[in-house]
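Here is how the chains run, residue by residue.
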Amino acid sequence: MEQVRVRFAPSPTGYLHIGGARTALYNWLFVRQNNGRLVLRIEDTDSERLKEDSVEQILGSLKWLGIDWDEGPTFQSQRQDLYAAAAETLIQSGKAYYCFCTEEELEMEREKQRQEGITVGYSGKCRNLPADEVRKRLQQGLKPVMRLMLPDSGQIIVKDIIRGTVSFKFDQFDDLIIMKSNGLPAYNFACVVDDHAMQISHVIRAEEHLSNTPKQQFIYEALGYEVPKFAHLSMILAPDRSKLSKRHGATSISEFQDLGCLPEAIINYLTLLGWSPPEEQSEIMSPEQTICSFSLEKVSKTAAVYDIQKLIWLNGQYITKYDLEKLTSCAIPFLIREGIISSLEAEQNHYYILPVINLVRERVRTLQELGEACRYFFRDITDYEEKGKEKYFRQKDAETLLSKGKECLAKVENFSVENTELAYRDLMEELKIKGGLIIHPTRLALTGRTSSPGLFDVMALLGKEKCLERLEKAIKFIKAEQDML
RNA sequence: GGCCCCAUGGUCAAGAGGCCUAAGACGCCGCCCUCUCACGGCGGAAACAGGGGUCCGAAUCCCCUUGGGGCUACCA
């Protein structure tokens, strides 16, 4: 069996967005499953649309996602000879010709056609220029484009792994530009020449290229190349079912990274956007599991609207189950960014950070949330949650309760989860009160918040000194508030 | 406009003519667990775009309409 070779071919016009990432991912899943090779190709033949840093951004996002490639990146801008040579053979064999029409002329032609209400397209007027006329104009220094002559009638059949057989009629196609007047290849041509040169066996790409495929297939045939297999993936749409763009919020991989998503969660989410695992298999899958069960044939034909809620949910699942050391190193940049710890503290307090993260991980869904959830473990409390103050600090016994709590904790020797809880339970019994009555104000005193991990877990991790200190602070705070009345 | 693709709950989707009074997941609602918040468990609301065929039988096949998307560039 011939080797499976696929490619991901982004054009460097911006960040890697969610659609491109999914295309890359499906190529990757397919190729890893088939022990093939993935090649990366940068389609940069339109210098006007290039964006600085774009290649670095795209490659960076792919790497971060864990999508690795075997060859490249190769740049189309550096392979001009290849395209020129291929185009030359088509000119020689009479399958392609020079066209001297300027863009202005063509635009006028189209405008006229529109006014007359007839089908807009290239007339083909340079098709039969006499050889010496062509030579003459070339010598004058005119810069023509090269066009491929397409049949005026008949049809062409494209076979697609996902969509089945699709047929197109030739009468709807203009003679296709294969080389632009600046000497660079046009997309459809460069794409074919490269896919052949790179021995691509399966072209897996976005649906927007389906309509280009008949033209490309004709180029393959004109050049005498073997046609690869095609699989066109449906598009990913914004929540309003329109094409994805910047105005739709987070759409680039780097934005999800900034939000605090884990790469595996994004991979998992993207996998599910257009494909679903066999029944009985969980939707939460490691990349390895996905590689095993993935199949191109089962990829959905329907355009998908991405739903950030599910991504965030999945991310929460991953945060809960991730290897703790790994999660911690992912989280630390967020803690630093949010000003919760300094990089120095991050190094020095490693063995404090670990259990803190372990404690809060189950109740957060992004690394950003995780940072926020940790704050009081590293920084003193500057304020109490308003609704907590109202509910717990302004009740009649609050101050007494906290004092009692403080006294009782002061006596605890080994400040463990069990011992602190035992001490508090004894206190509750002694005061004949229900747990919540003292637990809630204590939580507010210790964390500044009305919600947190289990109170005694928090106590044990915070340590005796901090607990007593914060209780004292809360007591003072309550007194101060009362004095103001 | 022409050509092409697509159409199952709010979202992702299972479904390959009878197993469908249509699975699962996210989200939403309720209950349980519980020191709060999460997690978890249980339950609920919620869909085959519309119309014609074909067939004993259609979410599934065909046609039309409608809707969405793509291509129609010297963009990729």
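Small disclaimer: the values here were computed from a predicted structure and weren't measured.

Engineer: Please set out the overall build of chain A residue by residue, giving values where relevant.
Structural biologist: Broken down by element type, chain A carries 21 helices and twelve strands. In terms of overall size, chain A is more extended than a compact globule, its C-alpha atoms giving a radius of gyration of 32 Å where 485 residues would be expected to give roughly 23 Å. With the principal axes as the frame, chain A shows a C-alpha extent of 110 × 50 × 40 Å. Taking all 485 residues of chain A together, 49% fall into the buried category. A separation threshold of at least 6 residues defines the contact pool for chain A, and within that pool the share at least 24 residues apart is 77%. When the accessible surface of chain A is totalled, it reaches about 24300 Å², and 50% of it is carbon and sulfur. For chain A, the centre of its 62 positive side-chain charges and the centre of its 71 negative side-chain charges are spaced 2 Å apart.

Engineer: How would you summarise the protein's contact with RNA strand B if you had to cite specific residues and measurements?
Structural biologist: Around RNA strand B, 60 residues are found, and the nearest of them are Arg163, Gln172, Lys180, Glu279 and Arg363. In RNA strand B, the atoms that sit within 4 Å of the protein are 72% sugar and phosphate, with bases accounting for the remainder. Side-chain polar atom of glutamate 207 to a sugar or linking oxygen of RNA strand B: 2.9 Å apart, as the coordinates give it. Serine 211 is positioned with one of its side-chain polar atoms (N or O) 3.3 Å from a base nitrogen of RNA strand B. Top contributing element to the surface near RNA strand B by residue count: helix 11 (residues 308-321), with four residues. Among the residues making up the surface near RNA strand B, the classes are represented as 19 nonpolar, 20 polar and 21 charged.

Engineer: Which residues make up helix 7 (residues 213-223), and what values do they have?
Structural biologist: With nine of eleven residues buried, helix 7 lies mostly within the body of the structure. All buried positions along helix 7 are accounted for by Thr213, Pro214, Gln216, Gln217, Phe218, Ile219, Tyr220, Ala222 and Leu223. Of the residues flanking the end of helix 7, it is glycine 224, one or two places downstream, whose phi is positive at about 75°.

Engineer: An account of the nonpolar core is requested, with residue identities and associated values reported.
Structural biologist: Counting residues in each nonpolar core, the largest one holds 108 residues, and the members touching the most others are Leu62, Ile67, Leu370, Phe377, Phe393 and Met459. No other element matches helix 1 (residues 18-33), which puts nine residues into this core. When sequence neighbours within four positions are dropped, the list of residues in contact with leucine 370 reads Ile319, Leu327, Ala331, Ile357, Val360 and Val364. Membership of the second largest hydrophobic core comes to 33 residues, among which are Leu148, Met179, Val203 and Phe218.

Engineer: Break down the side chain of serine 61 for me, citing the residues and quoting the values.
Structural biologist: Within the element layout of this structure, serine 61 appears in helix 2 (residues 54-65). The residues touching serine 61, leaving out its near neighbours within four places in the chain, are Leu16, Ile253 and Ser254.

Engineer: I'd love a proper account of the sheet that holds strand 5 (residues 145-148), names of residues and values included.
Structural biologist: Here we have three strands laid out as an open sheet, ordered 4-5-8, and antiparallel in their pairing. Single-partner strands in this sheet number two, and they are strand 4 (96-99) and strand 8 (176-179). Strand after strand, the sheet turns through a mean of 45° between neighbouring axes, direction not considered. As defined by bridge partners, strand 4 adjoins strand 5 across four bridges and the pair is classed as antiparallel. Across the sheet, the residue bridging to cysteine 99 is valine 145, located in strand 5.

Engineer: So, the environment of alanine 87: which residues are in play, and what are the values?
Structural biologist: By the element assignment, alanine 87 lies in helix 3 (residues 80-92). Exposure remark for alanine 87: the relative accessible area of 0% places this residue in the buried category. Sequence separation of alanine 87 and leucine 223 is 136 residues, and the distance between their C-alpha atoms is 9.0 Å. The residues touching alanine 87, leaving out its near neighbours within four places in the chain, are Met146, Ile178, Met179 and Phe189.

Engineer: Requested: an account of the confidence of the model for chain A, with residues and values cited.
Structural biologist: Looking at chain A as a whole, the pLDDT averages 93, with 100% of positions reaching at least 70. Confidence, read as mean pLDDT per element, is least for helix 4 (residues 103-116) in chain A (84) and greatest for strand 1 (residues 5-8) (98). Interface scoring of the predicted complex returns ipTM 0.95; its pTM is 0.94.

Engineer: I'd like a description of the pattern of salt bridges, backed by residues and values.
Structural biologist: Enumeration over the complete set of coordinates arrives at 35 salt bridges. Arginine 394 serves as the salt-bridge partner of glutamate 390, at 2.5 Å between the closest nitrogen and oxygen. In this structure glutamate 390 comes out as partly exposed when scored by relative accessible area, which is 48%. Glutamate 481 is paired through a salt bridge with arginine 394; the nearest N and O atoms lie 2.8 Å apart.

Cut-off values and rules
- Residues numbered from 1 in each chain as written.
- Chains lettered and ligands numbered in written order.
- Predicted model: local features only at pLDDT ≥ 70, side-chain atom pairs only at ≥ 80, totals over all residues.
- Heavy atoms only, no water.
- Helix = DSSP H or I, 4+ residues; strand = E, 2+ residues; numbered from the N terminus.
- Rg over C-alpha atoms; globule rule 2.2 N^0.38 Å.
- Buried < 20%, exposed > 50% of the residue type's maximum accessible area, 1.4 Å probe, protein only.
- Contact = heavy atoms within 4.5 Å.
- Areas by Shrake-Rupley, 256 points an atom, 1.4 Å probe, with all protein chains shown as cover.
- Lys, Arg positive; Asp, Glu negative; His and termini not counted.
- Charge placed at Lys NZ, Arg CZ, Asp CG, Glu CD.
- Near = heavy atom within 4 Å.
- Polar contact = N/O pair within 3.5 Å; in protein donor to acceptor, adjacent residues only side chain to side chain.
- Nonpolar A, V, L, I, M, F, W, Y, C, P; charged D, E, K, R; others polar.
- Core = buried A, V, L, I, M, F, W, Y, C linked by side-chain atoms within 4.5 Å.
- Pairing = 2+ DSSP bridges.
- Axes fitted to C-alpha atoms, helices over the stretch in contact; angles between N-to-C directions.
- pLDDT = per-residue confidence, 0-100.
- Salt bridge = Lys/Arg side-chain N within 4 Å of Asp/Glu carboxyl O.

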